[in-house]
Amino acid sequence: MADGISSLTVWQEVALLMRLRWRIQRNQLRQKNAKLELVGLIVTGLFFFFFVGIIAFAFYEGAATMTRDNRMSWLALLFWGVLLFWQFFSVFFASLTTVFDFRTLLRFPLHLGAYFALNVAYGLADPTAMAAVTFLLAIVAGVASVRPELLPAAMAVLLLFALVNILIERCIGFWIEKLLSKRRTREITFVLLILGMISLQFVVPLFADKSKQILPWLPRVLPFLNGLPPGLAGRALAYAGGAEFAACAGNFAALLAWAAPFAGLLWLRLGAQYRGELLLETEARAPAQRTATKTLATPESSLAGVSALVPGEIAAIIQKELCYLKRNGIAWMNLLLPLLLVLLFTMQSFTQRHHGQIEALSRSSGWFFFGAVGYVLLLVLAPSYNAFAFEGRGLQVFFTAPVRFRSVILAKNLLLLLLIGVEVAAVLVLLRVRGLWPGPQQFVTTLAAMGYIIPAQLTIANWASIAYPRKLEFGSMRNQRASGMTVLVLLGTYITLGLPSFVVILAGKWSGNPWVSAGVFLLLAAAATSGYVASLDPLSSFAEKKREVLLDALCK
C-alpha cells in the first residue's frame, strides 16, 4: 500500500485524501449527535452569513461608487479593511476554525508538498476566511457592475490577494500556536496582550488630541503603505482601469512576491510537524521528584479554607478547577475584558471636551451597571456550556471515585458563581472610583436579574455539557470550538432569557415604578433557583447514561 501511494503525484494525494475526508464526514452523520450538530452549525451559519451579507453589500456599494467616480486608487482602503478583518479575527477567533486536525493525516505516507497544499487550501474552511472572500467578491462585483471590462483583472487581484491572506493567516496561526505551546511564553504573551489593551485606552484619546499635528504627516506615510498587499491590489486595479498594463503587471508581480516569505515560514512549521513535532501542554516534564512532592503538598494546604464552607469532595474539585483556570489564558482574558471595557467607557478624557460625555454617562449610571453585569455574565457563563472540555482522561476519575456526579456539577457551578461575584465587585469598585455608583433601584434590579439569569443558564449549560461534549486543549489555538448544537443551545438560551428580561425592564419603565422590575425578577429568580436545585439529581443520572458518550468525546 505504501508503494502504491508513494507513486502518486502530490495532486493525486490531495484528491485521494479529500475523498477520504468526505466519506468519513458522511459516515459520521449516521450518529444522532452528529446530525444534531450539523443542524446547529447550519442554523448558526445562517446567522453568521446574514451579518456577512450586510457588510458585503457595503463593500459592493463602496467599490461601485469609487469606480463610478473614477477614484479606483481608493479601492486600497477596501482591501485594507478585508486584510485587517481577515487577520485580526482569524487570530482572536481561532477557536471557531474547523475541528479537523491535520496531524492525523501524517499516518499516511504523504509527500510534504501534499501536506502543505492541504493545509493552505483548508484555510478557506475558516469562517473568517469565507467572510473575507465574500467581501472580496463584493468588491469585484462592485467594480464589474460599473466597468465590466475590468472583471478579468479584478478576479486576478482577488485570487492573488486571497492567496496572500491565506498564507499570512496560516503562518501567523501556526507560529502563534508554537509560541503558546509553552506555559511560560503563554503567560508572557498574555501579560503583553493585557498591557497593550490597557495602553490602547490612553493612546486613542492622545491621538484624538494630537490629530491636528498627526494628520499632516499622513500623506508622507501613504506612499510606504502602497507597497503592502492592500495598496498593491488597489493600484493594480487602478492601473488596469487606466489601461496601464505594464504597471498593472508590476503590481501583480509585487503582490505575488509577498506570498513567498509567508509560504517559506509556513513550510518550516509544517515541515516540523511532518517530521514528528507534537506541541502539547505536557511536553515538558518536571526533572526532579522533589518538585512533584511539593506540588502534591500544595493543594492539601490550600483546601483547608474551602473545606470549611463546602464538603471535601466539592472543595477538591474546586481546587482542581482553579488549577485549570491558572493555565487557561483565554479564560483570564474573558475575565479581564469586562473590566477593561468599564475603564474604556468611564475614563476621564485628557481634555475638557469629553466632560459632557462623562456627565451624560453619569445620568444613566444605573443602567450602565446593568449592562456591565450583563456583559460579565455573557463572557463568564459561555464556557459553562462545555464545562468538561479540559477534563480529558481525568473524566474517568469522576465515574470511578466514590463521588456523585451532582457534586462535580455543583463544584463547577460554585466556582463560576465565585468568579462572577469577584467580577461584579470589581465593576462596582471601578464605578465607585469614577463616581458612577448605581441608584438603589437599579442596583437591586440588577442583583435580582442575576438571581434569575445565572441559575437558569447554569441549568441549561449543565445539560448541554453532558449531552454535547467537545474536547479542548490548553496549548492549542485551533480545534477549540464547541459543538454546533452547543452553540445553537447557547444562542437559543440568550434569546429565551433575554427577551423576558427586556420585557420586565420595559414594564418597570412603563409603570413609572422602577421597583416593579426588581419584584418580577425576584419571582423569576426564585423559580429559576428551584429549577436548578431540582435538576441536579436528574442531571447526575443523565451523566451516568451518557457515560460512554462523554468518555468517547473527551478521552480520545
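Residues numbered from 1 in each chain as written. Predicted model: local features only at pLDDT ≥ 70, side-chain atom pairs only at ≥ 80, totals over all residues. Heavy atoms only, no water.

Chemist: Tell me about the overall build of the protein, and name the residues and values.
Modeler: In terms of regular secondary structure, the protein is built from 23 helices and zero strands. Counting the 556 residues in the protein, one finds 41% classified as buried. Contacts in the protein between residues far apart in sequence, at least 24 positions, make up 82% of those at least 6 positions apart. (Helix = DSSP H or I, 4+ residues; strand = E, 2+ residues; numbered from the N terminus. Buried < 20%, exposed > 50% of the residue type's maximum accessible area, 1.4 Å probe, protein only. Contact = heavy atoms within 4.5 Å.)

Chemist: Run through the environment of Phe369, naming residues and quoting values.
Modeler: Mapping Phe369 onto the fold places it in helix α17 (residues 365-381). Taking the C-alpha atoms as reference points, Phe369 and Pro438, 69 residues apart in sequence, are found 6.6 Å from one another.

Chemist: Describe the packing of helix α20 (residues 440-467) against helix α22 (residues 515-545), with residues and values.
Modeler: At a minimum axis separation of 8 Å, α20 and α22 run at an interaxial angle of 20°. Accordingly, the angle class assigned to the pair α20 and α22 is roughly parallel. The chirality of how α20 crosses α22 is left-handed. Within the contact of α20 with α22, the residues separate by chemical class into 22 nonpolar, nine polar and no charged. (Axes fitted to C-alpha atoms, helices over the stretch in contact; angles between N-to-C directions. Parallel < 35°, antiparallel > 145°, perpendicular 65-115°, else oblique. Left-handed = near helix turned anticlockwise from the far one by under 90°. Nonpolar A, V, L, I, M, F, W, Y, C, P; charged D, E, K, R; others polar.)

Chemist: Kindly report on a nonpolar patch on the surface, identifying the contributing residues and their values.
Modeler: Nonpolar side chains collect at one region of the surface, where Phe47, Phe50, Phe51, Ile54, Ile55 and Leu491 lie side by side and expose about 590 Å² of accessible area between them. No other element matches the five residues that helix α3 (residues 32-68) contributes to the nonpolar patch. The topology assignment puts Ile55 in helix α3. (Patch = residues over 30% accessible without salt bridge, like charges linked within 9 Å, V, L, I, M, F, W, Y side chains within 5 Å. Areas by Shrake-Rupley, 256 points an atom, 1.4 Å probe, with all protein chains shown as cover. Salt bridge = Lys/Arg side-chain N within 4 Å of Asp/Glu carboxyl O.)

Chemist: Provide a residue-level description of the environment of His111, including the pertinent values.
Modeler: Structurally, His111 is set in the loop between α4 (75-92) and α5 (112-121). In sequence terms His111 and Tyr274 are 163 residues apart; their C-alpha atoms lie 9.2 Å from each other.

Chemist: Before we move on, could you go through the nonpolar core and cite the residues and values that matter?
Modeler: Of all hydrophobic cores here, the largest spans 57 residues; its most connected members are Leu377, Phe405, Ile420, Val427 and Ile466. It is helix α19 (residues 405-433) that contributes the most residues to this core, 12 residues altogether. In contact with Val427, other than residues within four places in its own chain, are Leu339, Val342, Phe369, Ala372 and Val376. Judged by nonpolar contacts, the second largest core, of 52 residues, contains Leu75, Leu78, Ala131 and Val133. (Core = buried A, V, L, I, M, F, W, Y, C linked by side-chain atoms within 4.5 Å.)

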